[in-house]
Number of protein chains: 2
Amino acid sequence: MKTSTPSSSIEDYVKVIYSFTEWQDKPITSTRLAQRLGVANSSVSEMVRKLKDQGLVDHKPYSAITLTGDGVRLAVSMVRRHRLIETFLVQELGYRWDEVHDEAELLEHAVSDTFIERMAAKLGNPLRDPHGDPIPAADGSVQVPAAHRMNELDAGHTGRITRISDENPELLRYLAAEEIDLDAEVEVLGRRPFGGPLVVRIGSGGTPREFDLAEEVASALWVHSEDAHAGCSVTGP
Amino acid sequence: MKTSTPSSSIEDYVKVIYSFTEWQDKPITSTRLAQRLGVANSSVSEMVRKLKDQGLVDHKPYSAITLTGDGVRLAVSMVRRHRLIETFLVQELGYRWDEVHDEAELLEHAVSDTFIERMAAKLGNPLRDPHGDPIPAADGSVQVPAAHRMNELDAGHTGRITRISDENPELLRYLAAEEIDLDAEVEVLGRRPFGGPLVVRIGSGGTPREFDLAEEVASALWVHSEDAHAGCSVTGP
DNA sequence: CTTATTGTTTCGGTATGCCTAAAAATTATC
DNA sequence: GATAATTTTTAGGCATACCGAAACAATAAG
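So, how was this worked out
- Residues numbered from 1 in each chain as written.
- Chains lettered and ligands numbered in written order.
- Predicted model: local features only at pLDDT ≥ 70, side-chain atom pairs only at ≥ 80, totals over all residues.
- Heavy atoms only, no water.
- Contact = heavy atoms within 4.5 Å.
- Buried area = accessible area lost by both parts, 1.4 Å probe.
- Salt bridge = Lys/Arg side-chain N within 4 Å of Asp/Glu carboxyl O.
- Helix = DSSP H or I, 4+ residues; strand = E, 2+ residues; numbered from the N terminus.
- Pairing = 2+ DSSP bridges.
- Buried < 20%, exposed > 50% of the residue type's maximum accessible area, 1.4 Å probe, protein only.
- Lys, Arg positive; Asp, Glu negative; His and termini not counted.
- Near = heavy atom within 4 Å.
- Polar contact = N/O pair within 3.5 Å; in protein donor to acceptor, adjacent residues only side chain to side chain.
- Core = buried A, V, L, I, M, F, W, Y, C linked by side-chain atoms within 4.5 Å.
- Arc of directions from axis to C-beta.

A. View of the interface of chain A and chain B. Between chain A and chain B, the contact holds 18 residues from the first and 18 residues from the second. When the two sides are added together, the surface that chain A and chain B hide from each other amounts to roughly 1,500 Å², 57% of it contributed by carbon and sulfur. Counting the surface chain A buries against chain B, the share from its top three residues, L93, F115 and R118 of chain A, is 37%. Between chain A and chain B we count 4 salt bridges in total. With a closest N to O distance of 3.3 Å, E92 of chain B and K122 of chain A form a salt bridge. Listed by contribution, the elements that provide at least two residues to the side of chain A that touches chain B are α4 (69–93), α5 (100–110) and α6 (113–122) of chain A. In terms of residue count, α6 of chain A provides more of the side of chain A that touches chain B than any other element does, 5 residues in total.

Quick look at the structure:
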């Protein structure tokens, strides 16, 4: 059991492993991890061995990689850092949605816990970041909103956008330009023939407007159905 | 001529070389540089060779180290970063004087130019940091206040504290506890016999109070004499 | 069931930046 | 001006984290 401060590489590996299973539960493989991190497969093999030595992941050769309890704790603290920094950049320094990610990526490894907690206090301990992703609390508990991807909803469903996936910056810019924002009310109207685009009505602020959303766009928008049981699952520390 | 982004080590070396000559003009030697950076002499020799290769310093073996034009430019931009971050931490996140240095030390290497400039704008492009050190402008020009160390002043001199050296955190805490702040009016009354402590009257806010200041304290306080020619030298870009 | 194909790991090698110990140059002392 | 003391540089090593190429498993295809 190593107690040394993890390097920023280790923090990145653990965060990516965690993030991969956050909105779906396939465990991550070496190759995917390498893709996400932008490194060679061989680098991942090496690093995973190190993570295992430090008790952060479980891994048998040639099979998937999963986090241990310590691994999850470290990952959650990195996610908290990342999302608080993003929120701060948007709310206090006027960054746009699509600008925050890279800056947060660098800052999350550099700042102290003191910095994070003062920032959180200044922001009023927010529970969601600018994309609607849940911000884990300082004790490690996470409020996961009970939401579904918009492209998986049937016609007639109504609800609010509770999360916008930040994986594709270009998509974020499109949504910003169309003024499709977090918490907008949505109604799924149906689908164009032959599995075509999803037709939805979105009322963000003013009068509702209709959109034909490509699959990629619809799957990036997560909707909290108000008619469904309105709950939040909480993962304890 | 290398155009690659300097590593954070290189940024540190250049910043320390610059800082050493900021309030005095002895050029820095390998040993001193090693002391300031907390590394072995041999590490300095190696690194200085690299800095020379990149055109950031001039150095002949066994003699002092000086910055080139490029070196000064890089150093000034690092000093700008450092001091803006310190100011931000104090004004926006409620850090105390003696807490900011280490945090700024880490952040200055991590954040983007965008971050720095947004922060500067939010702070109203300040010209001094919380200790009174001048913050270089984005174009590299520096406003150096015409001040002297308090221990070098003769009895009868009056003025304001324009800078408090931040080299000794314990000293900063002492000054904070005694409420000796930046911009306080001071009058040098004299010296205790046999080169004893300096006796000064300091009026920060309320009624002036008298202090016996040890040499180390007095030399950390820089005074801008109001009776002397009140000017600021500006170093261009 | 045997051979491709794909995925994963191991094996040298590279770059950074630090170290200690030994060698070389400079400066100080006699 | 020769020797002693100090400063500085060189030489050989260590840790991190990456790479490409080759070896090795596991799965898919015939």
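After presenting the structure, the write-up continues.
B. Layout of the sheet that holds strand β9 (residues 221–225) of chain B. Residue and element names in this part refer to chain B. Strand order in the open sheet formed by 6 strands is β4-β9-β5-β6-β7-β8, with antiparallel pairing between adjacent strands. Taken across any chain shown, the strands that pair with only one partner, and hence form the sheet edges, are β4 (148–149) and β8 (209–213). Pairing geometry for β4 and β9, over 2 bridges, is antiparallel. Note on β9: the bridge partner recorded for R149 is W222.

C. The arrangement of the sheet that holds strand β9 (residues 221–225) of chain A in detail. In space, the 6 strands of this open sheet follow the order β4-β9-β5-β6-β7-β8 (chain A), with antiparallel pairing throughout. Lying at the two open borders of the sheet, with one neighbouring strand each, are β4 (148–149) and β8 (209–213) of chain A.

D. Broad picture of the side chain of D129 of chain B. Note that D129 of chain B resides in the loop between α6 (113–123) and β3 (142–145). One buried charged side chain, D129 of chain B, makes no salt bridge at all; its nearest oppositely charged neighbour is R83 of chain B, positioned 4.0 Å away.

E. Summary view of the pairing of strand β6 (residues 185–191) of chain A. Residues and elements named next belong to chain A. In terms of strand pairing, strand β5 (residues 158–164) meets β6 through 3 bridges, oriented antiparallel. By the bridge assignment, T158 is partnered in β6 with E187. Where β6 and strand β7 (residues 198–203) come together, 6 bridges link them in antiparallel fashion. Paired with E187 across the strands is R201, a residue of β7.

F. Local environment of the protein's contact with DNA strand C. If you check the shell around DNA strand C, you find 22 residues, and the closest are T31 and H59 of chain A together with S7, A40 and S43 of chain B. Counting only the atoms of DNA strand C that lie within 4 Å of the protein, the sugar and phosphate share comes to 67%. Take H59 of chain A: an N or O atom from its side chain is 3.0 Å from a phosphate oxygen of DNA strand C. One of the side-chain nitrogen or oxygen atoms of Y13 of chain B is found 3.4 Å away from a phosphate oxygen of DNA strand C. Those elements that place two or more of their residues in the surface near DNA strand C are α2 (30–37) and α3 (41–53) of chain A together with α1 (8–20) and α3 (41–53) of chain B.

G. Quick peek at the nonpolar core. One finds F115 of chain A together with F115 of chain B to be the most contacted residues of the largest nonpolar core, which totals 32 residues. Of all the secondary structure elements, the ones that give two or more residues to this core are α4, α5 and α6 of chain A together with α4 (69–93), α5 (100–110) and α6 of chain B. Excluding anything up to four places from it in sequence, F115 of chain A contacts L89, L93, Y95, E103 and L107 of chain B.

H. Structural view of α6 of chain A. Every buried residue of α6 of chain A is listed here: F115, I116, M119 and A120 of chain A. When α6 of chain A is viewed along its axis, its buried side chains cluster within an angular range of 130° and face the same direction. More than 90 degrees from the buried face of α6 of chain A, the exposed residues found are D113 and A121 of chain A. Next to the buried residues of α6 of chain A lie α4 of chain A together with α4 and α5 of chain B. The first or second residue beyond α6 of chain A is G124 of chain A, which carries a positive phi of 80°.

By themselves, these figures tell us nothing about what the structure is for.
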